[in-house]
Amino acid sequence: MPRTALRICPLCEATCGLTLTIEGTRVTAARGDRDDVFSKGFICPKGASFGALDADPDRLRTPLVRENGELREASWEEAFDAVARGLRPVVERYGADALGVVLGNPNVHTMAGALYPTVLLGAVRTRSLFTASTVDQMPKHVSSGLLFGDANAIPVPDLDHTDHLLLIGANPLESNGSLCTAPDFPGKLKALKARGGRLTVVDPRRTRTAKLADRHLAIRPGADALLLAAMTNVLFEEGLVDLGDLAPHVDGLSELREAIEDFTPEAVAGACDVDPDTIRALARELAAAPTAAVYARIGSCTVPHGTLASWLVDVLNTLTGNLDRPGGALFPQAATDRTPRPAGPGRGFSLGRWHSRVRRLPEAKGELPLSALAEEIDTATPEGEPLRALIVIAANPVLSAPDGNRLDKALGSLDFMVSVDPYLNETSRHAHVVLPPPPPAQSPHHDFAFNTLAVRNQVRYTRPAVPLEPGRMAETEILARLILAASGMHGADPAAVDTMVIDQTLGKAVQEPHSPVHGRDPRELAALLTGADGPERRLDLMLRLGPYGDGFGARPDGLTLARLLDHPHGIDLGPLRPRLPQPLKTPSGRIELLPAPLAADLPRLREALRERPTGLVLVGRRHLRSNNSWLHNVPALTGGTNRCTLHLHPEDAERLGVRDGEPVRIKGAGGEVTAPAEVTDAIRPGVVSLPHGWGHNRPGTRLGHAGREPGVNVNQLLDGTLLDPLSGNAVLNGIPVRVGPAGVPAALAPEN
Ligand SMILES: Nc1nc2c(c(=O)[nH]1)N[C@H]1C(S)=C(S)[C@@H](COP(=O)(O)OP(=O)(O)OC[C@H]3O[C@@H](n4cnc5c(=O)[nH]c(N)nc54)[C@H](O)[C@@H]3O)O[C@H]1N2
Ligand SMILES: Nc1nc2c(c(=O)[nH]1)N[C@H]1C(S)=C(S)[C@@H](COP(=O)(O)OP(=O)(O)OC[C@H]3O[C@@H](n4cnc5c(=O)[nH]c(N)nc54)[C@H](O)[C@@H]3O)O[C@H]1N2
Ligand code: SF4
Ligand SMILES: [Mo]
C-alpha cells in the first residue's frame, strides 16, 4: 500500500512543502502540500521530479576511495581512515591554511550543511575558505555588513503587501526567487498587479518576469549601480527623500547626498542606455508609491560594481522610508535566529582582515574569492604554502567558478581531496575519497538559512520520509565524522560533536543577561533537550533559545521541537514586522548610509560613467527545470527549452553571419566554447546569453544522462581576474566576448 510523507523541497530557495507518495522505500510521486502553512500547495516541475531525482541510478551508494589512481567502492570505516590519513599530515606539516574548505550551494539546502561546516572551520582553524557565495551574493553580505553592521541582515521585499516593486537582475519566474524566499513567487507578482500594484523589471533580457511587468528596462549589463545612483540623486534633487519613522536610526544623509552629486540621470544615461526621463520617472514613482520595495539579485551582484549596486538598493529603500515597514523591505525573524539582544551599538563589520596569498585579495565574511581557488593551489609564492588538501562539501567549482580547466588541473595536483557529494562529477572525480550523502527522501529538513530570508515568518521541519537504506550514513553524521577526522580526533563518537556544540551554546547563553536562560545551569538545560539524535537536539536548542522559543520554560507557550513535530505542515509566525533598531550592529547603532569602504569605491563607479562597450557582452540565464550544475542528470528535467544555447538578437545574428540552430564560437579571456545559436529578440542587441552549469563531458564522471547532452561550460570564458573588488565576487555577467559562426576562422569572421 502506498503511503504519504511530507518533505520540504530542497531544490530552490522557495522551500515548498511537498507531499510524497511512497511505495516501499521508493518515492513514486510528489505534489504540493496544500496544508503547508507557507507554500499552500505550490509546486514546480523540479519539485514534481523529486522521486526521479531521489532514485537517480547514478547516485553513489557507498563511499569511494582512491587506490593506485582509481576510485573503488569502500566501507565507511575505510573511507574515514583514508580521510584522516590524507588530511592530518598536510595540516601538521604545512599548517592549517594549507587545508582549504570549499562549500557549495546545497549546504544552504541541507540540515547538515547548516549545522556542521562552521564547527569544521572552528576545529581546523583554516583561513582558506571558499564558497559559492563569491560567485553569487557576497556583494549583498558586504553591503549589509557595512550599512547595518550584520552581513546576514538582508532586507526582504514584502511581496504580499507592497504596492510597488522595482525588480532588478532577477528572474523569479524561472529561478523561483533568491534572497527572498517565497513559494509561488510568480503568483505573488500576479497578485501584486491584481491589487493595483506596479511592477518594474530591469533586465537586459525580456524574461518571463519582464513580460509580467508594467515596465521593462533593458539596461546595459553591469550598469545597475549607475542607474540606482542616479535615482538616489533624483530623490535628493527633487526633495523626495522621506525617511519617515527611520529618521532617528539613520546616519550620513548629507554625506551621501554630496557623494553622489555628479551621478545625475544625464550623466549615467549613456552608460546605462536608459534615458534620463525614465530614470526620473522611476525615482518619482518609487517615492510616490504608498509602499514600495527595491529588490535586486544575481544580475546586480555578479558584476564589477556588485557591492555598490547592492548598497544602493537599500539606500533607495531607506530614503523612501520603505525600509523596515510593511509593504517595503523588512528584516525577517526566523525561529532559529539567536535570542535577539537589546538594541545598541555593535562591533560592526570589517573587510580584508586577511588576504589571499597569490593576488592579495581581501577576505570578506571570512571567505576568499572562489575565483582565486585555482591559483591558491597551483601557484607557489614566497609568502607561504599553496593549498595541499581540500575538503569539498556540496560544491562543483569546476563548472560553477571561473576557468574550470585551470581548476580541473589544479584539483588533480592536490596531495589530498575529499568530496562530500552524491555524484561523481566534474569536481568530485578528483577526490581521493568521496563520501556520498543519502538521497533527500532519507534526510531530515529544516531551512535554517532561508527562513531568515522568507517573506513570511514561519517554521517547518520534516523528518526523513524514508528510513536510511542499509549501508547509508546520514549527511549530519558524515560531516560530524569528517570534523573528527580533520581535527585529529578520528574514531571518536560523532555524537560528541553535537554534545560539544550544545554545551558551548548553553554555556554562553546562561551568561547573557538578555537570554531567557540567564543564570541557569547548562547541564540541567541540556538534559531537557528532546530529539531523536544530535541534529534534532540542536534544532530543539535553537528553537527554544530563539525569538519564539519556550526559553526552557520561561515562556511556556513558546516553540520547542516537540511542538513543531505536532504541526507537520508547519507553524505560521505572522507577516514581516518592523524590527529596527534591534537588528543594527554598526558601531553607531544606526544605519550608516555612507560607509567609508563604499565611499572609497565611488571613484571607480565614476569612471564607469564614461564606459560604452563597443563589442558584445555575455550574460547568464536560468531555466525553470535547472539547478546550477547538478540537475542535468534527471531526464524529466532536461530537453525542451532547457538547453545550453547562445541567445542572441536577430540584428547581431545577421551582422555576424550566425544562423538559428547552427553552432557559434564564443571566445572570452579564459577560453573558447561552441554552442548552438538561438536567435531571439528577447535579448537586447549587443548582449548574448549562455546558461551556466553545463559542460558534462569530462572523463571519469558518472553522469550517464547529463553526458549525453553535455552542453558547454560558460565559465570557461572567464579567466578569474574580473572581480567586484570589495566583495571578491566573480563578475559573471556583462563579460566581453567575441562571437562568430563555428567553422569560420576567427580572422575571417565578421567584426563584433
Ligand atoms: N556563469 C555563471 N556561473 C555561476 C552562476 C551564474 O549565474 N552564472 N551562478 C552561481 C551561483 S548563484 C551559485 S549558487 C553557484 C553554485 O555553485 P556550486 O555550489 O559549486 O554548484 P552546484 O551546481 O550547486 O553544485 C552543487 C554540488 O552539490 C552536490 N549536491 C547536491 N545535493 C547535495 C546534498 O544533499 N549534499 C551534498 N553534500 N552535496 C549535494 C551536487 O552533486 C554538486 O556537486 O554557481 C555559480 N556559478
Ligand atoms: N530553475 C533554477 N532556479 C534556480 C537556480 C537555477 O540554476 N535554476 N539557481 C538558484 C540559485 S543558486 C540562485 S542564486 C538563484 C538566482 O536567482 P535569480 O537572481 O532570479 O537568477 P536568474 O534567473 O539568473 O536571473 C538573473 C537575471 O539577471 C539578468 N542580468 C544579467 N546581467 C544583468 C545586469 O547587469 N543587470 C540587470 N539588471 N540584469 C542582469 C539576467 O538576464 C537574468 O534574467 O536562483 C536559484 N534558483
Ligand atoms: S519552487 Fe523550488 S522549492 Fe518549490 S517545488 Fe519548485 S524547486 Fe522545489
Ligand atoms: Mo546561487
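Values in this document were obtained by computation on a predicted structure and should not be read as measured data.

Trainee: Looking at this structure, I do not really get the site of ligand 1. What am I missing?
Mentor: Close contacts around ligand 1 come from 28 residues, with Asn105, Asp421, Asn425, Glu475 and Ser629 the closest. Between a nitrogen atom of ligand 1 and a side-chain N or O atom of Asn715, the distance comes to 2.7 Å. Contact with the protein chains removes 94% of the 920 Å² of surface that ligand 1 exposes when unbound. Class assignment for the residues of the shell around ligand 1 results in 14 nonpolar, 10 polar and 4 charged.

Trainee: For this particular structure, what's the right way to read helix α5 (residues 117–124)?
Mentor: An α-helical segment advances 3.6 residues per turn. Residues three or four places apart therefore align on the same side. Those residues of α5 that fall on the buried side of the exposure criterion are Pro117, Val119, Leu120, Leu121 and Val124. Positive phi shows up at Arg125, right after α5, with a value of about 55°.

Trainee: What am I meant to see in the pattern of salt bridges here?
Mentor: Side chains that differ in sign of charge can pair as their charged atoms come close. Going through the model one piece at a time under the given rule, you end up with 41 salt bridges. A salt bridge links Arg544 to Asp550, with the shortest nitrogen-to-oxygen separation between them at 3.1 Å. Judged on exposure class, the residue Arg544 and its partner Asp550 are both buried. Where Arg604 meets Asp601, a salt bridge forms, and the shortest distance between an N and an O atom there is 2.8 Å. One end of the pair is Arg604 and the other is Asp601, both in helix α24 (residues 596–608) and 3 residues apart, which spans about a single turn. Assessed through its relative accessible area of 23%, Arg604 is described here as partly exposed. On the basis of relative accessibility, which here comes to 6%, the residue Asp601 falls in the buried class.

Trainee: What is the right way to read the site of ligand 3 from this model?
Mentor: Ligand 3 sits among Cys9, Leu11, Cys12, Ala14, Thr15, Cys16, Phe42, Cys44, Lys46, Gly47 and Asn176. Split by residue class, the shell around ligand 3 holds 7 nonpolar, 3 polar and 1 charged.

Trainee: How do you make sense of the nonpolar core when you look at a structure like this?
Mentor: The nonpolar side chains of a soluble globular protein tend to be buried with one another. Leu226, Leu227, Met231, Phe263, Trp311 and Ile591 are the most contacted members of the largest nonpolar core, which has 64 residues in total. It is helix α10 (residues 224–237) that contributes the most residues to this core, 10 residues altogether. The contacts of Leu227, once residues within four sequence positions are left out, are Val202, Ile219, Cys272, Val274, Ile279 and Leu282. Counting residues in each nonpolar core, the second largest holds 56 residues, with Trp76, Ala389, Ala486 and Leu539 among its members.

Trainee: I keep staring at the packing of helix α6 (residues 138–148) against helix α15 (residues 306–319) and nothing clicks. Help me out?
Mentor: Between two packed helices, what matters for the description is the angle formed by their axes and the separation of those axes. Packing of α6 against α15 brings their axes to within 8 Å, and their N-to-C directions diverge by 50°. Regarding the angle of α6 to α15, the classification is oblique. Crossing hand, α6 versus α15: right-handed. Across from Pro139, Lys140, Val142, Ser143, Leu147 and Phe148 in α6, the residues of α15 making contact are Gly306, Thr307, Ser310, Trp311, Val313 and Asp314. Looking at the contact of α6 with α15 residue by residue, the classes come out as 6 nonpolar, 4 polar and 2 charged.

Trainee: Explanation requested: unusual backbone geometry in the structure shown.
Mentor: It is generally the case that most residues other than glycine have a negative phi and that most peptide bonds are trans. The omega angle of the peptide bond from Leu580 to Pro581 is 0°, so this bond is cis rather than trans. Residue Leu179 is not a glycine yet carries a positive backbone phi of 50°. Structurally, Leu179 is set in the loop between α7 (172–175) and α8 (185–194). Classification of Leu179 as buried rests on a relative accessible area of 9%.

Trainee: What is the right way to read the domain arrangement of the protein from this model?
Mentor: Taken domain by domain, the protein holds domain 1 (3–54), domain 2 (61–126 + 369–445 + 461–491), domain 3 (138–337 + 582–605), domain 4 (493–569) and domain 5 (613–748). Domain 2 and domain 4 are separated by 29 Å when their C-alpha centres are compared. Every contact between the two is made by 13 residues of domain 2 and, on the other side, 15 residues of domain 4. Summing both sides of the interface, domain 2 and domain 4 together bury roughly 1200 Å²; the carbon and sulfur share of this comes to 68%. Between Arg463 and Glu536 there is a salt bridge whose closest N-O contact spans 2.6 Å. Our enumeration of links across domain 2 and domain 4 arrives at 4 residue pairs in polar contact (both at pLDDT 80 or more). Among the secondary structure elements, those contributing two or more residues to the side of domain 2 that touches domain 4 are α4 (111–115) and α19 (475–486). Among the elements that make up the side of domain 2 that touches domain 4, the one with the highest residue count is α19 (6 residues).

Trainee: Where do I start with the side chain of Arg544 in this structure?
Mentor: Position of Arg544 among the secondary structure elements: in helix α22 (residues 534–545). The class for Arg544 is buried, based on a relative accessible area of 9%. Contacts of Arg544, omitting those with residues within four sequence positions, involve Leu528, Leu529, Thr530, Gly549, Asp550, Gly551, Phe552, Arg555, Leu559 and Thr560.

Trainee: What am I meant to see in the sheet that holds strand β7 (residues 129–131) here?
Mentor: Within a sheet, neighbouring strands are paired by backbone hydrogen bonds and run either parallel or antiparallel to one another. Ordered by their spatial adjacency, 7 strands build an open sheet running β5-β4-β17-β16-β15-β6-β7, and the pairing between neighbours is mixed. The open sheet terminates on both sides in strands that have one partner only, identified here as β5 (70–73) and β7. For this sheet, the mean angle separating the axes of adjacent strands, direction not counted, is 15°. Pairing analysis gives 3 bridges linking strand β6 (residues 99–103) to β7, with the strands arranged parallel. Residue Val102 lies in a different strand from β7, and its bridge partner there is Phe130. Together, β4 (64–67), β5, β6, β15 (389–393), β16 (416–420) and β17 (433–435) form the strand contacts of helix α3 (residues 76–94), whose direction differs from that of β17 by roughly 125°.

Trainee: How do you make sense of the sheet that holds strand β13 (residues 293–296) when you look at a structure like this?
Mentor: Spatial strand order, β11-β10-β9-β13: 4 strands in an open sheet with parallel pairing. Every other strand in the sheet has two partners, leaving β11 (215–217) and β13 as the edge strands with one partner each. Taken over all neighbouring pairs, the strand axes of this sheet differ in orientation by 15° on average, direction set aside. Here strand β9 (residues 164–168) runs beside β13; their pairing, made up of 4 bridges, is parallel. Along β13, the bridge assignment pairs Leu166 with Val294. Against the sheet, α8 contacts β9, β10 (198–202) and β13, and its axis sits at roughly 135° relative to β9. Of the strands in this sheet, β9, β10, β11 and β13 touch helix α13 (residues 276–288), which is tilted by about 130° from β11.

Conventions and cut-offs
Residues numbered from 1 in each chain as written. Chains lettered and ligands numbered in written order. Predicted model: local features only at pLDDT ≥ 70, side-chain atom pairs only at ≥ 80, totals over all residues. Heavy atoms only, no water. Near = heavy atom within 4 Å. Polar contact = N/O pair within 3.5 Å; in protein donor to acceptor, adjacent residues only side chain to side chain. Areas by Shrake-Rupley, 256 points an atom, 1.4 Å probe, with all protein chains shown as cover. Nonpolar A, V, L, I, M, F, W, Y, C, P; charged D, E, K, R; others polar. Buried < 20%, exposed > 50% of the residue type's maximum accessible area, 1.4 Å probe, protein only. Helix = DSSP H or I, 4+ residues; strand = E, 2+ residues; numbered from the N terminus. Salt bridge = Lys/Arg side-chain N within 4 Å of Asp/Glu carboxyl O. Core = buried A, V, L, I, M, F, W, Y, C linked by side-chain atoms within 4.5 Å. Contact = heavy atoms within 4.5 Å. Axes fitted to C-alpha atoms, helices over the stretch in contact; angles between N-to-C directions. Parallel < 35°, antiparallel > 145°, perpendicular 65-115°, else oblique. Left-handed = near helix turned anticlockwise from the far one by under 90°. Domains from an automatic or database assignment. Buried area = accessible area lost by both parts, 1.4 Å probe. Pairing = 2+ DSSP bridges.

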